[in-house]
Amino acid sequence: MKIEVLRADITKIKADAIVNAANTSLLGGGGVDGAIHKAGGKAILEECIAIRNKQGKCATGEAVYTTAGNLSAKFVIHTVGPVWNGDQEKCERLLANCYRNSLLLADQLNVKVIAFPNISTGIYKFPKELAAKIAIDTVKHFNTAGIEKVLFVCFDEGNEEIYKRLLNV
Ligand code: ADP
């Protein structure tokens, strides 16, 4: 599995699946969530509402998928990152779950290329360096025959620098 880092708007990325840093309501929000719903159109929200009606809220660390609507990806994988609240051990575990569960879902969907934003490092205030370590570690330890490439899509310079340093690229 190849790992790449780039600085971009994830809604513009060509990948089979892009991951959304959603919230438990699945009904959209600010940050990358707002950008994905805005660019992808109402088909995404309609599927999110259908999921809500079926299973209720999405728990932190879990992942669900919908169409990508108007985006060039085939799927949006919505995962709910932890809000940084100082319980480091729990937050680390939940963030790792986000990456792992998104990759598991991607594998089931025969996704070859998946793009992740820096989950929890915006409004949810997870420390960026720690979040990047968890993201990279979880992706590197994920066993898959199907996924060929993981893109870490950084939106801010700070995250880009951290990922490039940790990955030696
Ligand atoms: P969270 O609530 O999980 O912290 P945010 O959307 O606030 O989610 O932030 C997660 C990360 O997504 C942050 O690093 C933020 O800079 C980044 N981000 C915001 N908009 C975009 C976008 N359009 N494409 C990629 N990343 C984005």
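What counts and what doesn't
- Residues numbered from 1 in each chain as written.
- Predicted model: local features only at pLDDT ≥ 70, side-chain atom pairs only at ≥ 80, totals over all residues.
- Heavy atoms only, no water.
- Salt bridge = Lys/Arg side-chain N within 4 Å of Asp/Glu carboxyl O.
- Helix = DSSP H or I, 4+ residues; strand = E, 2+ residues; numbered from the N terminus.
- Buried < 20%, exposed > 50% of the residue type's maximum accessible area, 1.4 Å probe, protein only.

Student: An account of the pattern of salt bridges is needed here, citing residue identities and associated values.
Tutor: Following the criterion strictly, the structure yields 7 salt bridges and no others. Residues lysine 149 and glutamate 4 are paired through a salt bridge, measuring 3.5 Å at the closest nitrogen-oxygen approach. Of this pair, lysine 149 sits in strand S6 (residues 149-154) while glutamate 4 is found in strand S1 (residues 2-7), placing the two residues 145 residues apart along the sequence. For lysine 149, a relative accessible area of 24% gives the class partly exposed. Overall, glutamate 4 belongs to the partly exposed group, its relative accessible area being 31%. Across the salt bridge formed by lysine 74 and aspartate 16, the nearest N and O atoms sit 2.8 Å from each other. On the criterion of sequence distance, the pair formed by lysine 74 in the loop between strand S3 (63-67) and strand S4 (75-80) and aspartate 16 in the loop between S1 and strand S2 (17-22) is long-range, its members being 58 residues apart. The exposed category is assigned to lysine 74, whose relative accessible area is 52%.

Functional significance is not addressed by these values, which are geometric in nature.
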